[in-house]
Amino acid sequence: MRGRVVIVEDEELVAQDIRYILEDAGYEVAAIFHSAEDLLESLEKLEPDSIIMDIMLEGELDGIDAARIIKEKMDIPVLYLTAYSSDEIVKRARETEPYAYILKPFHERDIKVNLEMALYKHEAKKNRVKLVREKAINEYLKR
Amino acid sequence: MTCRILILEDVPLDVELMEREIRRAGIEFISETADNEEDFIRAIDEFRPDVILADHSLPSFDGLSALSIARERCPWVPFIFVSGKIGEEFAVEALKAGATDYVLKSNFSKVPIAIKRAIREIEKEQELERTRQSLIESNWQLREAQKIGRIGSWQWDIDSDTLSCSDEALRILGIPRDEFSGSIHEMVSRIHPDERRTFNESIRSLRPFEGEYRILRDDGSTSFVLLRAEVLRDSEGNPKSLIGIKQDITEDKRIRESLEASIREKEFLLSEIHHRVKNNLQLISSLLRLQSRYIEDERSLEIFMECQNRVKSIALVHEKLYGSGDMMVVNLAEYIEELLSELRNMCRGRDTVFRTELDEVKVGINTAVSIGLIVNELVTNAINHGIDSHGEVRITLSVSDGRGALVVADNGCGLPKDFEVSDSPGFGLKLVNFMLRRVNGLVVAENRDGAVFTVTFDAGGE
């Protein structure tokens, strides 16, 4: 199993499409949510490795709001998957430091390649942080 | 012009002598004679004289009474006394009462001179009156025009530091005429505090200037005013005064703002529509992919994949439209580049090279969709049937005289001998033919070191 992924997409058909693509590629789809509120409620229980997030969702919050809230308390790579390409939305999205911004309609490989990259980059970042921490501890112990 | 002369005289010989002198002096005239009050009055009303010649003493009437009647009934008609003898006292009295001139009967030759002089005076006065009337008229027109156009005029004399303003200029400033004392400070004090410095600097620079200012009126309202000024100079070229206009643009500004708001709204709605179109195309794409999972036949699967590519190529048009600014045109070169980068993914595991030479061509959405689908089919064909693992696909786009030309060429094995582009068994080329009809297009297929498709189309359509 390559990782646990949560899909946030209010169009059921599209969500199922993504689920098949991910499962074919060897990922586990931990859950599918239609709204940001539902996602935030269950996120801590699920502990996914990554989130594929639509921006326009059912409910009050949009995908960017959700990503901002998640970023404050957890370190989970978010990939946006949206039909929006306006400068304004892209700018708002950028501030949440996503790992990818995929435009709809997407190709199967858009999802696969971007997710693989995101997980790799995230892992590398974690290792880097770990290394720095270990180095600091070693320096401290040496004294 | 024939001069109409009314003669008040009881001696026919004197009338004849007078008329002879007048005729001799070359004055064209007709005359009427009266020798009593009743005839005199009727002649004034009916004959309508241009000049009155009057003896000062008649048996039943006298010259001064005639003068006062004439002054009353036709004050503009010159009244000349022609008399046997006129004492100085009487002459003074007559002129005071409004007589134009007097001539002695001993000197009849002076009569035409007096007439000519009187008529000249009258003409001068009439000319003056006409000038005065037209001045009043154009003043009125100017004031009305300023009111209608909401443009006031102003002039600031530098030496005397005085400001003069037209009625409309004062209305724009919100200063009542009777409260205006002609100081530039009155104008400055009505300008918004944030903009006073700029205005003062503009005025003191003694150079032409133009700017938009907010005016605070006494009634608490704010208006937007365009101020514009030119410099008037004396003969030595020194600045003498600033002359300018102020235009109330509050209404224009309001209209402009509401237009801008409606344009923003339109853009928002358009981008919303593009968003929904793309979402629906995503739905179609997902639907095709979900169903394709139940297909085992290789050929059928390929058809589903091709359909997905077509959906994607249409979606890309909407992507490009959004980025185009006015959301109505697509940069065809950029669009084709992006399409090709999608199609490149079909060549995984092969050493295919794409060469492009694309001129900037801006087209409408329908043309873009048609050309996009044509490129999609021709390039897919080249990849799948034309070239082997080390092939090259060349795509060029150019435009001349409103006709676009698209060439898709490969260096593969070429087209089969009996190939007919308009009668192809495959759906791909059928689709190309359908799309060509939408853009008034033509396609030519030939072999030149590989298959070469040349498509020409109307680049100016929607």
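All values reported here derive from a predicted model rather than from experimental measurement.

**Student:** Hey, could you run me through unusual backbone geometry in this one?
**Tutor:** The general pattern is negative phi for most residues beyond glycine and trans for most peptide bonds. Cis rather than trans, the peptide bond between A:Lys104 and A:Pro105 has omega equal to -5°. Along the polypeptide, A:Pro105 turns up in the loop between strand S5 (100-103) and helix H5 (108-142). Phi angles above zero are rare outside glycine, and B:Arg150 is one such case at about 50°. Relative to the helices and strands, B:Arg150 resides in the loop between helix H5 (110-149) and strand S6 (151-157). Of note in this structure, B:Asp161 is not a glycine but carries a positive phi near 50°. Locating B:Asp161 in the fold gives a position in the loop between S6 and strand S7 (162-165). Using a count of 11 C-beta atoms within 10 Å as the deciding quantity, one classes B:Asp161 as exposed.

**Student:** How should helix H12 (residues 365-386) of chain B be read in this particular structure?
**Tutor:** When the terminal C-alpha atoms of H12(B) are compared, their 30 Å separation across 22 residues agrees well with the 32 Å that a helix rising 1.5 Å per residue should span. Among the 22 residues of H12(B), 17 are classified as buried, and the element is accordingly described as predominantly covered.

**Student:** Just to check I follow, could you spell out the sheet that holds strand S12 (residues 353-358) of chain B for this structure?
**Tutor:** Working definition: the strands of a sheet are paired by backbone hydrogen bonds and lie parallel or antiparallel to each other. Residues and elements named next belong to chain B. Across the sheet, which stays open at both edges, the five strands sit in the order S12-S14-S15-S17-S16 with mixed pairing between neighbours. On the outer flanks of this sheet lie S12 and strand S16 (442-447), each paired with one strand and no other. Direction aside, neighbouring strands of the sheet carry axes that sit 10° apart on average. Where S12 meets strand S14 (residues 392-400), six bridges bridge the pair, whose relative direction is parallel. Along S14, the bridge assignment pairs Leu358 with Leu397. Here helix H11 (residues 332-343) sits on the sheet and contacts S12 and S14; the angle it forms with S12, its principal contact strand, is near 175°.

**Student:** Looking at this structure, I do not really get the environment of B:Ser109. What am I missing?
**Tutor:** Residues and elements named next belong to chain B. Within the secondary structure, Ser109 is located in the loop between strand S5 (101-104) and H5. Looking at Ser109, the number of C-beta atoms within 10 Å reads 13, which means it is partly exposed. Taking C-alpha positions, Ser109 is 9.2 Å from Arg20, a pair spaced 89 residues apart along the chain.

Calculation criteria
- Residues numbered from 1 in each chain as written.
- Chains lettered and ligands numbered in written order.
- Predicted model: local features only at pLDDT ≥ 70, side-chain atom pairs only at ≥ 80, totals over all residues.
- Helix = DSSP H or I, 4+ residues; strand = E, 2+ residues; numbered from the N terminus.
- Buried ≥ 20, exposed ≤ 12 C-beta atoms within 10 Å, placed from the backbone.
- Expected span 1.5 Å × (residues − 1).
- Pairing = 2+ DSSP bridges.
- Axes fitted to C-alpha atoms, helices over the stretch in contact; angles between N-to-C directions.
- Contact = placed C-beta atoms within 7 Å.

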